[in-house]
Amino acid sequence: MAVEVRPRLTVLSGPSGVGKSTVVAHMRKVHPEVWLSVSATTRKPRPGERHGVQYFFVGDDEFDKLIANGELLEWAEFAGNRYGTPRQAVLERLEAGEPVLLEIDLQGARQVKESMPESRLVFLAPPSWDELVCRLTGRGTESAEVIERRLAAAKVELAAESEFDTTLVNTSVEDVSRELLALLTVSSGE
Ligand SMILES: Nc1ncnc2c1ncn2[C@@H]1O[C@H](COP(=O)(O)OP(=O)(O)OP(=O)(O)O)[C@@H](O)[C@H]1O
Ligand SMILES: Nc1nc2c(ncn2[C@@H]2O[C@H](COP(=O)(O)O)[C@@H](O)[C@H]2O)c(=O)[nH]1
């Protein structure tokens, strides 16, 4: 019997610093055809980040307009900044029959599951709490105060792991990237 393989909407979430961006970047280096939604955010760019690549960096007024015009599939406030997924690009990809990957926080993942129950939520977990703290601190992109806020959010996110369809533990970037890639399509057996 032929196995039907269909694209799907996959949401990757997990605590700040667990390695979501690293895993996705590795996967897309090996498989550049994988499409990742570019979010809008009110956060200021980190060194090396470019508008339209990592994020669409917008001001508060512009973000307000995106919400008011219904242009965001979901949005949330995270550690003092707002983040949201542009709706149109996601719907266009799905209508074209292409897999869609979102890298968003827990609040956004819950909103997507509510509006698109057929989506798959993937939780990226750290090997341990100490390793998470080490990765977030070692990245060196946030102040001590922001790290504290992100670690407080991480406790909430880790407690919500059971809401996700699948958990991947980020011990090896290469292994997790491969596992994530396999989840981007749904086969008829599922
Ligand atoms: N498997 C791994 N082993 C060791 N270090 C890792 C691993 N995966 C990622 N890292 C490192 O952890 C740090 C955080 O990774 P990354 O920025 O990808 O996290 P994130 O989950 O996207 O964070 P945020 O949600 O804050 O954007 C980076 O310095 C990255 O190099
Ligand atoms: N709900 C949403 N969360 C998002 C979106 N884009 C990114 N994120 C999440 O925000 C935090 C912080 O990201 P950072 O780049 O400032 O480190 C992280 O958990 C991201 O996954 C989004 O569109 N919606």
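So, how was this worked out
In this convention, every chain numbers its residues from 1, walking through the sequence in written order. Going through the entries in the order they are written, you letter the chains from A and number the ligands from 1. Given that this is a predicted model, residues contribute local features only at a pLDDT of at least 70 and side-chain atom pairs are listed and counted only at 80 or more, while totals for whole chains, interfaces and linings are drawn from all residues. Excluded from the side-chain calculations are hydrogens and water; all other atoms, namely the structure's heavy atoms, are used. A molecule or strand has a residue near it when one of that residue's heavy atoms lies within 4 Å. All accessible areas in this document rest on Shrake-Rupley with a 1.4 Å probe, and a residue is counted as covered only by the protein chains that are shown. Amino acids outside the nonpolar list (Ala, Val, Leu, Ile, Met, Phe, Trp, Tyr, Cys, Pro) and the charged list (Asp, Glu, Lys, Arg) are all regarded as polar, and Gly is one of them. Working definition: helices are DSSP H or I runs of at least four residues, strands are E runs of at least two. Numbering for both runs from the N terminus. Residues count as neighbours in contact if any of their non-hydrogen atoms are within 4.5 Å of one another. UniProt positions are given in the numbering used here, feature names are shortened, and annotations may be inferred rather than shown by experiment. Counting of polar contacts relies on pairs of N or O atoms within 3.5 Å, with two restrictions inside protein: one atom must be capable of donating a hydrogen and the other of accepting it, and residues adjacent in sequence are counted only when both atoms are side-chain atoms. The span one expects for a helix is its residue count, reduced by one, times 1.5 Å. Exposed residues in this analysis have more than 50% of their type's maximum accessible area, buried residues have under 20%, and partly exposed residues fall in between, with area computed by a 1.4 Å probe over protein chains only.

## A closer look at the site of ligand 2
Reasoning step 1: Near ligand 2 lie 16 residues; those nearest to it are Ser 39, Arg 43, Tyr 55, Glu 74 and Tyr 83.
Reasoning step 2: Bound to the protein, ligand 2 loses 96% of the 510 Å² it would expose on its own.
Reasoning step 3: Classifying every residue of the shell around ligand 2 gives five nonpolar, four polar and seven charged.

## What about the environment of Thr 166?
Reasoning step 1: Tracing the backbone through its elements, the reader meets Thr 166 in strand β9 (residues 166-169).
Reasoning step 2: Distance from Thr 166 to Val 122, taken between C-alpha atoms, is 4.9 Å for residues 44 residues apart in sequence.
Reasoning step 3: When residues no more than four places from it in sequence are discounted, the contact partners of Thr 166 are Arg 120, Leu 121, Val 122, Phe 123 and Leu 183.

## Points about the UniProt feature "binding site: ATP" (unreviewed entry) in the chain
Reasoning step 1: Residues annotated in UniProt with the feature "binding site: ATP" (unreviewed entry) correspond here to Gly 14, Pro 15, Ser 16, Gly 17, Val 18, Gly 19, Lys 20 and Ser 21.
Reasoning step 2: Looking at the element boundaries, Ser 16 is found in the loop between β2 (9-13) and α1 (20-30).
Reasoning step 3: Excluding anything up to four places from it in sequence, Ser 16 contacts Phe 78, Leu 132, Leu 136, Arg 139, Arg 150 and Glu 157.
Reasoning step 4: A polar side-chain atom of Ser 16 sits 3.0 Å from a polar atom in the side chain of Arg 150.
Reasoning step 5: Its location among the elements puts Ser 21 in helix α1.

## Re the site of ligand 1
Reasoning step 1: Around ligand 1, the structure places 15 residues, and the nearest of them are Ser 16, Lys 20, Ser 21, Thr 22 and Arg 139.
Reasoning step 2: One nitrogen or oxygen atom from the main chain of Gly 19 is found 3.0 Å from an oxygen atom belonging to ligand 1.
Reasoning step 3: In this structure, Ser 21 approaches ligand 1 through a side-chain N or O atom, which is 2.9 Å from an oxygen atom.
Reasoning step 4: Burial of ligand 1 by the protein chains amounts to 75% of its free accessible area of 640 Å².
Reasoning step 5: Secondary structure elements with two or more residues in the shell around ligand 1: α1 and α5 (129-139).
Reasoning step 6: Ranked by residues supplied to the shell around ligand 1, first place goes to α1 with three residues.

## Let's talk about helix α6 (residues 144-159)
Reasoning step 1: For α6, built from 16 residues, the straight-helix expectation of 22 Å at 1.5 Å per residue is met to within 8% by its first-to-last C-alpha distance of 23 Å.
Reasoning step 2: Among all positions in α6, only Ile 147, Arg 150, Leu 151, Ala 153, Ala 154 and Glu 157 are buried.
Reasoning step 3: Buried residues along α6 sit in contact with β5 (72-78), β6 (81-86), α4 (106-115), β8 (120-125) and α5.

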